[in-house]
Amino acid sequence: MGQNFGTDRRAFLRAVGVTGGAGTMLATMGALGLAPTARAAEVPAYRAPSPGDFSLTGRAAASVVVVGGGIAGLTTAYELGKAGYDVTVLEARERTGGRNFTVRGGDTTTDTLGQRQTARFSRGQYLNAGPARIAQWMLTMDYCRELGVPVEVFTNANADAYVFNAAAGMTAPVRHRTAKADVYGYVSELLAKATDQGALDAALTADDRERLLTFLRGFGSIGGRTDGWRYTGGGRRGYAEDPGAAGTPGTVLGDVPDVSEVFASGVGRYLSFELGYDQAMLMFQPVGGMDRIPEALARAVGGRRIRTGAQVTDITGSADGVSVTYRSGGRTRRVTADYCVAALPPNILARTGHNLGAAVQTALEACVPSSAGKIGLEYRSRWWETGHGIYGGITETDLDLAHIWYPSHGFLGERGVVVGYYNTGAAADAYGALTPREREARAVAHGVRIHGDVYRTELASSFSHHWRQTPHVEAAWHSLRGGPDAPVFAALNEPAGRVYFAGDHLSHAIAWQHGAFASARKVVTQLHARVLA
Ligand code: PHE
């Protein structure tokens, strides 16, 4: 309809409006790209397979072997299980969840370099080594609701956390709020001056100009025309001494840097992060650790359907089924099923035996693994709360530790785990190449530059995790040139015979659990429709 529909569009919409009412008309307009609508109007709502689907067709639920017990694999098994499919999940590691990995005291890992760590976190303390934040629009929230996983706010942006740019010569960190006040202030001053001097007259009417100036006065907290639109700081920057009782108005943070100092310091480069669709507050986390999600999924799937320690060595499809070979406890075993869903990392599948064809192999090899690492630093006291008034959130730096995350739970409590680095790419590889002890020393030495000696003296223990070095995963996420819908990936977005592919890499939300949920739902929908056909 799209192409030759143009001239009759209004008539068509009127007809839809008359017969279906305004809601239907809006939904139709949304589908045609003519109206901003809720996603629900554009994408058919997901419908989970149900046993009743089979009663009218005379078909029966098929058997499905799912390779990979991460979020995509567990979700595939969970959703198919709702309709009574005979599902078997094969997971190479001893635990399910994939990159959704919460580290608690007593947990042990051995990386691909043979480095062994045991976490010594105290009771109630944890590190979400993989996913750690959820945006409100994400399917992850819907699964938490459905699975009964309680969530709490995750502080992704905090005006009282810091910015620290060593390369700009900063010797002390600047509060996020101070950076924001100065950057917004000077940007507003400059734009107001340019506007008032007529530099934007070609783009703005006289009314536009006045409205823009009114907006900028509030946005930047700048003076008016008679003050030359000047930014001179103010309470937004923060207080050296906080306002108190009558007689104690507090002392506004002074020493407002000039405009060139502010831009030279680079403090503005972190301010847009919180505007991202996937990073904007409010964000959420499961109470008690992110792995509450795969735990609940695995429970719903049923332990007897999940085989851990099952390392798949071959996937062979044929006209009437799929045979999957795996190693477990030193023995070679095999499962056969009507269908297979390959929900393991593409870099791992690329070196697993299969007969799925050259296009599949080329696509798998085009998924480029990325690096990321984190260290959890458990402290004996919550000095960031008592000493800095920071309750969650992130300090942004240009150091190789990149980000410092303060815990979003256990406020006002005794101990807490700070994420001492969450870095990617070369910085993650540099830390990954060190021993766990060396990683801690490096992260702490950098942290001391921001927080002082307390960063070292209050440290109780640490645990670090690097995804490129994690057996059977070997990637934090993947980058797909041109996105998952680029032609080279077509072979993974459709079944290869009876084998389907799922994972966050096959979504438009790579490096998010949302992507894994969405991909699993897509595959489940396709597979179920085929079984019913
Ligand atoms: N989801 C991950 C995170 O929030 C990785 C990511 C970072 C993805 C930034 C997109 C944008 O840290």
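Residues numbered from 1 in each chain as written. Predicted model: local features only at pLDDT ≥ 70, side-chain atom pairs only at ≥ 80, totals over all residues. Heavy atoms only, no water.

**Comments concerning the overall build of the protein**
Then, in step 1: If you tally the helices and strands in the protein, you get 16 helices and 27 strands.
Then, in step 2: Across its three principal directions, the C-alpha atoms of the protein cover 80 × 70 × 45 Å.
Then, in step 3: The buried share of the protein, taken over its 533 residues, is 48%.
Then, in step 4: Considering only residue pairs separated by 6 or more positions, the protein has 68% of its internal contacts joining residues 24 or more positions apart. (Helix = DSSP H or I, 4+ residues; strand = E, 2+ residues; numbered from the N terminus. Buried < 20%, exposed > 50% of the residue type's maximum accessible area, 1.4 Å probe, protein only. Contact = heavy atoms within 4.5 Å.)

**Some words on the site of the ligand**
Then, in step 1: Taken together, R133, D278, Q279, Y422, W477, A511 and W512 make up the full set of residues adjacent to the ligand.
Then, in step 2: One nitrogen or oxygen atom from the side chain of R133 is found 2.7 Å from an oxygen atom belonging to the ligand.
Then, in step 3: The contact in question runs from an oxygen atom of the ligand to an N or O atom on the side chain of Y422, over 2.6 Å.
Then, in step 4: Coverage of the ligand by the protein amounts to 73% of the 310 Å² it exposes when considered alone.
Then, in step 5: Partitioned by chemical class, the residues of the shell around the ligand number 4 nonpolar, 1 polar and 2 charged. (Near = heavy atom within 4 Å. Polar contact = N/O pair within 3.5 Å; in protein donor to acceptor, adjacent residues only side chain to side chain. Areas by Shrake-Rupley, 256 points an atom, 1.4 Å probe, with all protein chains shown as cover. Nonpolar A, V, L, I, M, F, W, Y, C, P; charged D, E, K, R; others polar.)

**Overview of empty space enclosed by the protein**
Then, in step 1: In this structure the tally under the stated criterion is 4 cavities of 30 Å³ or more.
Then, in step 2: What lines the largest cavity is a set of 14 residues, among which N128, W405, P407, V417 and V419 lie closest to the centre.
Then, in step 3: Secondary-structure elements contributing two or more residues to the lining of the largest cavity are strand 6 (126–128), strand 23 (403–406) and strand 24 (416–424).
Then, in step 4: Looking at which element gives the most residues to the lining of the largest cavity, the answer is strand 6, with 3 residues.
Then, in step 5: By residue class, the composition of the lining of the largest cavity is 9 nonpolar, 4 polar and 1 charged. (1 Å grid on protein atoms, 1.4 Å probe; cavity = no way out; pocket = protein on both sides within 12 Å on 5 of 7 lines; lining within 4 Å. Points joined across faces, edges and corners; volume = space filled by probe spheres on them.)

**Considering the confidence of the model for the protein**
Then, in step 1: Across the protein, the average pLDDT comes to 93, with 92% of residues at or above 70.
Then, in step 2: Considering only residues more than four positions removed or in separate chains, one finds that residues 1–33, a stretch of pLDDT under 50, has 25 contacts. (pLDDT = per-residue confidence, 0-100.)

**Considerations on the sheet that holds strand 8 (residues 151–154)**
Then, in step 1: A sheet is described by the order of its strands in space; here 3 strands give the open sequence 7-13-8, paired in antiparallel fashion. Since the sheet does not close on itself, it has two edges, and those belong to strand 7 (134–135) and strand 8, each with one partner.
Then, in step 2: Here strand 7 pairs with strand 13 (residues 283–286) via 2 bridges, running antiparallel. Counterpart to I134 in the pairing with strand 13 is F284. (Pairing = 2+ DSSP bridges.)

**Looking at a nonpolar patch on the surface**
Then, in step 1: Where nonpolar side chains cluster on the molecular surface, the patch consists of V187, L190, V259 and F263 and spans about 310 Å² of accessible area.
Then, in step 2: At the level of elements, helix 6 (176–196) and helix 8 (259–265) are the ones that each hand at least two residues to the nonpolar patch.
Then, in step 3: When you line up the elements, F263 lands in helix 8. (Patch = residues over 30% accessible without salt bridge, like charges linked within 9 Å, V, L, I, M, F, W, Y side chains within 5 Å. Salt bridge = Lys/Arg side-chain N within 4 Å of Asp/Glu carboxyl O.)

**Focus on the packing of helix 13 (residues 425–432) against helix 14 (residues 436–451)**
Then, in step 1: Where helix 13 meets helix 14, the axes come as close as 9 Å, and the angle between the chain directions of the two elements is 125°. With respect to helix 14, the axis of helix 13 lies oblique. Between helix 13, through A430, Y431 and G432, and helix 14, the contact on the second element is made entirely by R439, R442, A443 and H446. (Axes fitted to C-alpha atoms, helices over the stretch in contact; angles between N-to-C directions. Parallel < 35°, antiparallel > 145°, perpendicular 65-115°, else oblique.)

**Examining helix 9 (residues 292–301)**
Then, in step 1: Buried within helix 9 are the following residues: I293, P294, A296, L297, A298 and V301.
Then, in step 2: Against helix 4 (71–81), strand 7, helix 5 (139–147), strand 13, strand 14 (306–307) and helix 16 (513–532) lie the buried residues of helix 9.
Then, in step 3: G302 sits one or two positions beyond helix 9 and adopts a positive phi of about 105°.

**As for the pattern of salt bridges**
Then, in step 1: Scanning all chains against the criterion turns up 19 salt bridges.
Then, in step 2: Its salt-bridge partner being R305, residue D86 comes within 3.5 Å of it at the nearest N-O pair. Residue D86 is located in strand 2 (residues 86–90), and its partner R305 is located in the loop between helix 9 and strand 14; the two are separated by 219 residues in the primary sequence.
Then, in step 3: Across the salt bridge formed by R177 and D160, the nearest N and O atoms sit 3.1 Å from each other. Highlighted residues: R177 in helix 6 and D160 in the loop between strand 8 and strand 9 (162–164), separated in sequence by 17 residues.
Then, in step 4: For R177, a relative accessible area of 30% gives the class partly exposed.
Then, in step 5: In this structure, a network of salt bridges that share partners links the residues E79, K82 and E146.

**A few points about unusual backbone geometry**
Then, in step 1: Cis geometry is adopted by the peptide bond preceding L282, which originates at M281 and carries an omega value of -10°.
Then, in step 2: Within the fold, L282 resides in the loop between helix 8 and strand 13.
Then, in step 3: Even without a glycine there, the phi angle at H472 is positive, about 70°.
Then, in step 4: Examined against the element boundaries, H472 turns out to sit in the loop between strand 25 (459–466) and strand 26 (478–480).
Then, in step 5: On the accessibility criterion, H472 (31% relative accessible area) is partly exposed.
Then, in step 6: Not every positive phi belongs to a glycine, and E474 is a case in point at roughly 55°.
Then, in step 7: Within the secondary structure layout, E474 lies in the loop between strand 25 and strand 26.
Then, in step 8: Residue classification places E474 among the buried residues on the basis of a relative accessible area of 19%.

**Thoughts on the nonpolar core**
What tends to happen in soluble globular proteins is that the nonpolar side chains get buried as a cluster.
Then, in step 1: Of all hydrophobic cores here, the largest spans 63 residues; its most connected members are V64, Y85, V103, I293, L297, V341 and L527.
Then, in step 2: If near-sequence neighbours (up to four positions away) are discounted, I293 is found in contact with I71, N100, I134, T140, C144, L147, V149, P286, Q513 and F517.
Then, in step 3: In this structure, A161, I375, I390 and I404 belong to the second largest nonpolar core, which totals 39 residues. (Core = buried A, V, L, I, M, F, W, Y, C linked by side-chain atoms within 4.5 Å.)

**Regarding the packing of aromatic side chains**
Then, in step 1: Counting across every chain of the model gives 18 aromatic pairs.
Then, in step 2: Ring centres 6.1 Å apart and planes at 65° place the aromatic pair Y379 and W384 in the edge-to-face group.
Then, in step 3: Looking at Y379, the relative accessible area reads 0%, which means it is buried.
Then, in step 4: The side chain of R498 reaches across the aromatic face of Y339, ending 4.8 Å from its centre. (Phe/Tyr/Trp six-rings, centres within 6.5 Å; stacked < 30°, edge-to-face > 60°. Lys NZ or Arg CZ within 6 Å of the ring centre and 35° of its normal.)

**Let's talk about the pairing of strand 13**
Looking along a regular strand, one sees side chains alternate from face to face of the sheet.
Then, in step 1: By the alternation rule, side chains of strand 13 split into M283 and Q285 and F284 and P286, which are all buried.
Then, in step 2: Here 4 bridges tie strand 8 to strand 13, and the two strands are oriented antiparallel to one another. Residue pairing for strand 13: V151 is matched across the bridge by P286.

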